[in-house]
Amino acid sequence: MALASSRDIGKKSVRFVCIALAAASTASASLAGESTVTYRSHPLILGEAIQLALKQNPSILSAIQQLKAEKGLLYQAQANLLPHLAFAGSYTQQDPGLVRTSGGPSVPNFDLLTVAPGQPITPIPANQLFAATRFTPTESWQIQLTASQLIYDGGATIASRRAARINEDASYYSFRDTIDQVVSTVRTQFYQILLNRALIQVQEESVNLLQSQVDDQKSRFEAGTVPQFNVLQAQTSLQNQIPQLIAARNNYRISQVNLARTLGIPADRQYASDEPLPIVGKLEYNPIKYDLASALMTARANRPFLKAQRSNILSGVENVTVQAAGFKPTVSANFGLEQRSSSVTSNLKDTNQGWFFGFTGSWNIFDGGLTYGKVKQARAQLEQAKDTFDDSVRQVEQEVSTAVSNLRNAQETVLSSQQAIVLAREALRLADERLAAGTGTQLDVLTQQTQLTTAESNLVQSEFNYVSAVSEFQRSTATEVVYNDQFDTTARPTTLTAVEAQKAARSRKDSPLDPDKPATHKAKQISLIPPAGKVDTGND
C-alpha cells in the first residue's frame, strides 16, 4: 500500500512530511459525513477499510496530536534563542497621609518661653528650614519597553532546541510505526471476517449434506431397507453440526464489530443487522518470495520503530549538554526605553524619559553537587537509550524471523490442506457409492463427511494464516506502507505544493537524521559509538 509516491533522490527529510501527513489526516478526520457515506453506502473493500482507518483510527489521531505537541515543545525550546520584547506599565496613587517628609537636615528645637530676657535669638537659615521638607507626589505612573537577549548559557538552550527537533523526528517515526501497526491490524481483521464467512459456508455445506443424509435415511426407513437406528444416527450428527454453524455466524458478527472499532466507527452508526459492517473480498493464496537474510537487512534499514529509538539516542546526547551547562555562567543583555511621571511635581503630564542598557550574569560556583548529579543521570539515560536500541534491534529481528517461519508453516499447511480436500472428497464419493451398493455403512459416510468438513475448515484457516503472515512479514520489514519522505530540491514532486516544497528544502539542511547534516557532530559521534558487546548502530 502506498500513502504517497516517493523518488530516489538520495537524502531524507522528515519534518515536512510530518506536518503534511498530520494535516491531511486531521482534515480527513473532520469529514465525518464523507466517512459515514463510505461505509454506509456500500460494502467495504480492503483498500477502503485502510483509508477509513487512516482517517478515523483513534491511535492515529492520537499520534497526530502528539506530533503537534512535539512541535509546540520545539517552539518552547528555541524561544530563548530569540530576543524577548516586553512592555510593562504601572500607575500608583497614595493616600496623602502616607506621604512623610524625609531626607533633610534636622531643625533645632527651641521654646520662646525658655529664652532669658535680653538673650539674643539665633535665627534659623531659610535653606535649613525648607530643606527639611521634601515634596512627594501622591500619584505616579511608569511605562517601560525592554528588549532582552540571552548571550551565553553554556550551550543549554541550543542543545535543548536540537533535542526538541530530534524528539519531533522521533515522534514522526513513532507516528509512522503506528500507521504500520494499524494497517496490519486492519488487514488481519479484514481477513478474519473473510475467514469466518468462509467457515460459515463450510458449516452450511456440512449441515446441508447431513440434512440430505437424514432425508435419505428416512426414505430408506420408510421403504424398510434400513433400521430406525440409521435415521437417529443421521439426525444426531445433524444436530451436533448445527451449533458449530451458529458459532461460526456469531464469530462472523463479532469480527465485523472488531473491525468497526479499529476503523473508528461508532456502534450506533453500524448496520442494525446480522452484518454490522459488510465487506467484499475473498481469501486468496498468492505465494510470495522471501529471504530471511534480505528481510533482516530491510527491516534494520526501514523500520520506523528503530529510527525512533535512534532519535532517542541523539536526544540523550543533547540532554547531557543541557545538564552540563549548569557548570557554566549565564549572561544576558538588556536594552529598553522608559518614561515616568516627574517626582518633583504633582502634574502627571510632567515626565522623565530615556533609555537604559546593561548586562546581567550569574554563575553557580557551588550548588551542592546538583549539576553533577544531573549530568550523571543524563549520561546513564544515554547509555540506557543505547541498550534499548540494541534490544529493539533484537526485537525486530525476532519479529522478522517469526514472520518468515509463519510464512513457511502456513504455505506448507495450505498445500497439505488442498491435498486433504481432494482425498476427502474422493473418499466421500466412494463411501456414498458403497452405501448405495449395500457394501458400505452409513457410519462410513458420516465419517467421511466429517473428514471433508475438517479438511475444508483447515484449508480456509491455513489460507487465512498465510495472508496474515504476509501482512505481518510486510509490517515487520516496513515494506507495506510507502511514505513520501524523499524529495528533489530541483524538481518539485506532484504530491507537494510549492510552499511545502520550499519548506522541505529548508528543512532538509537541518534534519538531525541527515548523515551529512546531523543535529550536532558530537551527537553523531557519541550515538555511533556502541558500548562494548552491543550492536553496531552505524548501519542504520
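A brief report on the enclosed structure follows. (Residues numbered from 1 in each chain as written. Predicted model: local features only at pLDDT ≥ 70, side-chain atom pairs only at ≥ 80, totals over all residues. Heavy atoms only, no water.)

## Here we look at the overall build of the protein chain
Scanning the protein chain from N- to C-terminus turns up 13 helices and six strands. Counting the 540 residues in the protein chain, one finds 37% classified as buried. The contacts of the protein chain with a sequence gap of at least 6 include a subset with a gap of at least 24, amounting to 83%. Working note: accessible area of the protein chain is about 29900 Å², and carbon and sulfur atoms make up 55% of it. (Helix = DSSP H or I, 4+ residues; strand = E, 2+ residues; numbered from the N terminus. Buried < 20%, exposed > 50% of the residue type's maximum accessible area, 1.4 Å probe, protein only. Contact = heavy atoms within 4.5 Å. Areas by Shrake-Rupley, 256 points an atom, 1.4 Å probe, with all protein chains shown as cover.)

## Observations regarding the pairing of strand β2 (residues 139-152)
Note that strand β1 (residues 84-93) and β2 share ten bridges and pair antiparallel. Each residue of the ladder has a partner; that of Gly89, found in β2, is Ile143. Across ten bridges, β2 lies against strand β3 (residues 330-341) in antiparallel orientation. Within the sheet, the bridge partner assigned to Tyr152 lies in β3 and is Val331. (Pairing = 2+ DSSP bridges.)

## Quick word on the sheet that holds β1
Taken in spatial order, the four strands line up as β1-β2-β3-β4 in an open sheet, and their pairing is antiparallel. Whereas interior strands pair on both sides, the edge strands pair on one side only; in this sheet they are β1 and β4 (351-362). Strand-to-strand, the axes of this sheet are offset by a mean angle of 20°, without reference to chain direction. (Axes fitted to C-alpha atoms, helices over the stretch in contact; angles between N-to-C directions.)

## Considering the side chain of Ser417
Examined against the element boundaries, Ser417 turns out to sit in helix α10 (residues 370-437). Residue class for Ser417 comes out buried when judged on its relative accessible area of 6%. Setting aside residues no more than four positions away along its own chain, Ser417 makes contact with Asn458, Leu459 and Ser462.

## A few points about the packing of aromatic side chains
Tallied over the entire structure, the rule returns five aromatic pairs. Through a chain of ring-to-ring contacts, three or more aromatic side chains come together here, namely Phe335, Phe357 and Phe359. (Phe/Tyr/Trp six-rings, centres within 6.5 Å; stacked < 30°, edge-to-face > 60°.)

## Comments concerning the nonpolar core
Counting 46 residues, the largest nonpolar core has Val186, Leu259 and Leu263 as its most contacted members. Mapped onto this core, the elements with two or more residues apiece are α3 (46-56), α4 (58-78), α6 (156-223), α7 (228-262) and α11 (442-476). For this core, the leading source of residues is α6, giving 18 residues. Once you skip the residues sitting within four places of it in the chain, Leu259 turns out to touch Val186, Gln189, Phe190, Ile193, Leu277 and Ile279. Core analysis: the second largest hydrophobic core is formed by 34 residues, Leu306, Phe389, Leu407 and Ala424 among them. (Core = buried A, V, L, I, M, F, W, Y, C linked by side-chain atoms within 4.5 Å.)

## Re the pattern of salt bridges
Evaluation of the coordinates by the stated rule reveals 14 salt bridges. Among the ionic pairs, Glu456 bridges to Arg425, the shortest N-O distance being 3.7 Å. Here Glu456 is found in helix α11, whereas its partner Arg425 is found in helix α10, with 31 residues between them in sequence. Three or more residues joined by partner-sharing salt bridges are found here, namely Arg300, Asp390, Arg394 and Glu397. (Salt bridge = Lys/Arg side-chain N within 4 Å of Asp/Glu carboxyl O.)

## Regarding unusual backbone geometry
With a phi angle near 55°, Ala478 is a residue other than glycine that sits in the positive phi range. Within the secondary structure, Ala478 sits in the loop between α11 and α12 (498-508). Look at Ala478 and you get buried, because its relative accessible area is 14%.

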